[in-house]
Each structure stands twice: as C-alpha cells, then as structure tokens.
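# Structure assessment
The lines below spell out each chain.
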Amino acid sequence: MSLLFSALVFAGCTSHPSPQQTMVDDRHMVYTDTYKAYKEAEDKYLNLLFNIERMPEEEELWIMKRDQMMELVQLREMMLQARADLDNAMQEWEAHLTEVQGEIKKNNLVKPFNPNFTGKDGQRSSPGQLLPGEVNSKKRR
C-alpha cells in the first residue's frame, strides 16, 4: 500500500512543477527581462555617443549621456543580482532533485531493468556483470 502511495506521490510531483522549479522559472524570466532592458539602454547609449560625435556642442546630449550612463550602471547591477538569484534558485532545484532521487532509490521505486533478460539476469547491465552477492567461481591462474 505504501509503495502505491509513494508511486502516486511521485507521479503527482512529475506532473506539477515543484516550488523550486517554479522559482527557477520566475528567476529566469526576471533575468531575461532585465537583460533585455540593459541591451535596450545600451543601444540608446551607443546612439547618444554617435550623436555626440556628430554634434559635440549640444549640451543636452551630454546631459542625456550622463543620465543614460547612470541607468546603464543601475541596470547592470540589477542584471547581476538577477543572475545571482537565478544561480541560487537553480542550485536549490538541483538539491531538491537529488533529494527526490535519493528517496526514490531508498524506497526502491525504480529498479534497474534490462528487457533482454528475465528474472535476476534482468538486473544486469551487461551479460557478464556480477550482481551483489555473486562471486566469480573461476579461479585465476
């Protein structure tokens, strides 16, 4: 009965994203949006530099350049923070997956199976593999 319950819980976990996976998805979206905003601000800044090169006497362009540079610095910091958050969320998700895999192995929900063999031989990954408890009966010369 507990094996059936464990299998149902595992099936439920695979069909619905875990909180860790949801966190990774959210952090990835934030990082992607921040990166896009940074690229747009960078394009504006490069355009301003081009215009300043053509019209260096325009004081308004220099003011816009300073403001755009401050925006770039802020967006860069936000982008780096978003990337760090994404990396941390991915590490938590990997730890969660490792924990789930450990629980599955502990409960023996997934057993290795080789469809080419039946019975005890189905546990072998290759025909010559020794299983735990088996001893090679041939003595080495």
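Basis of the calculations
Each chain carries its own residue numbering, running from 1 in the direction its sequence is written. Two thresholds apply to this predicted model, a pLDDT of at least 70 for residue-level local features and 80 or more for giving and counting side-chain atom pairs, whereas whole-chain, interface and lining totals are computed over all residues. Heavy atoms throughout the structure, all of them, feed into the side-chain values; hydrogens and water do not. Numbering goes from the N terminus for both helices and strands, where a helix is a DSSP run of H or I of at least four residues and a strand is a run of E of at least two. To sort residues, take the accessible area from a 1.4 Å probe on protein chains only and compare it with the maximum for the residue type: under 20% means buried, over 50% means exposed, and anything in between is partly exposed. Whether two residues are in contact is decided by their heavy atoms, any of which lying within 4.5 Å being enough. Computed by Shrake-Rupley with a 1.4 Å probe, the accessible areas treat only the displayed protein chains as cover when residues are assessed. Aromatic pairs are defined between Phe, Tyr and Trp rings, using the six-membered ring for Trp, whenever the two ring centres lie within 6.5 Å; interplanar angles under 30 degrees are classed as stacked, those over 60 as edge-to-face, and all others as tilted. Counting as a charge over the ring demands two things of the Lys NZ or Arg CZ atom: a distance within 6 Å of the ring centre and an angle within 35 degrees of the ring normal. Counted as salt bridges are all cases of a side-chain nitrogen of Lys or Arg within 4 Å of a carboxyl oxygen of Asp or Glu. Buried Ala, Val, Leu, Ile, Met, Phe, Trp, Tyr and Cys residues that are joined via side-chain atoms within 4.5 Å together make up what is termed a nonpolar core. To obtain an axis, a line is fitted to C-alpha atoms, over the contacting stretch when the element is a helix, and the angle between two such axes runs from 0 to 180 degrees between their N-to-C directions. Note on terminology: angles under 35 degrees are roughly parallel, angles over 145 are roughly antiparallel, angles of 65 to 115 are roughly perpendicular, and the others are oblique. Here a crossing is taken to be left-handed if its near helix is turned anticlockwise relative to the far helix by less than a right angle, and right-handed if that turn runs clockwise. When residues are sorted by character, Ala, Val, Leu, Ile, Met, Phe, Trp, Tyr, Cys and Pro go into the nonpolar class, Asp, Glu, Lys and Arg into the charged class, and all the rest, Gly among them, into the polar class.

Below, the discussion takes up the overall build of the protein chain. In terms of helices and strands, the protein chain carries three helices and zero strands. If you list the helices and strands of the protein chain from N to C, you get α-α-α. With 141 residues in all, the protein chain has 16% of them scored as buried. Across the protein chain, contacts joining residues at least 24 apart in sequence account for 61% of those joining residues at least 6 apart. Of the accessible surface of the protein chain, which amounts to about 11600 Å², a share of 56% is contributed by carbon and sulfur atoms.

A few words now on the packing of aromatic side chains. Within this structure, the stated rule accounts for one aromatic pair. A cation over a ring is seen here: Arg-83 above Tyr-31, with NZ or CZ 5.4 Å from the ring centre.

Another point: the pattern of salt bridges. This model, assessed by the stated rule, comprises four salt bridges. Note that Glu-42 is salt-bridged to Lys-39, the shortest N-O span being 3.3 Å. Of this pair, Glu-42 and Lys-39 both sit in helix α2 (residues 19-54), three residues apart, which is roughly one turn of the helix. Owing to a relative accessible area of 25%, Glu-42 belongs among the partly exposed residues under this scheme. As a salt-bridge pair, Asp-87 and Arg-83 come within 3.1 Å of each other at their nearest N and O atoms.

One finds Tyr-38, Ala-41, Tyr-45, Leu-72, Leu-75 and Met-79 forming the largest nonpolar core, which totals six residues. Mapped onto this core, the elements with two or more residues apiece are α2 and α3 (59-106). The contacts of Tyr-45, once residues within four sequence positions are left out, are Lys-65, Gln-68, Met-69 and Leu-72.

All right, on to the packing of α2 against α3 then. Relative placement of two packed helices is described by the angle separating their axes and the distance separating the axes. Closest axis-to-axis distance for the α2/α3 pair is 8 Å, and the angle between their directions is 160°. Judged by the inter-axis angle, α2 sits roughly antiparallel to α3. For the crossing formed where α2 meets α3, the hand is left-handed. For the contact of α2 with α3, the per-class residue count stands at 25 nonpolar, seven polar and nine charged.

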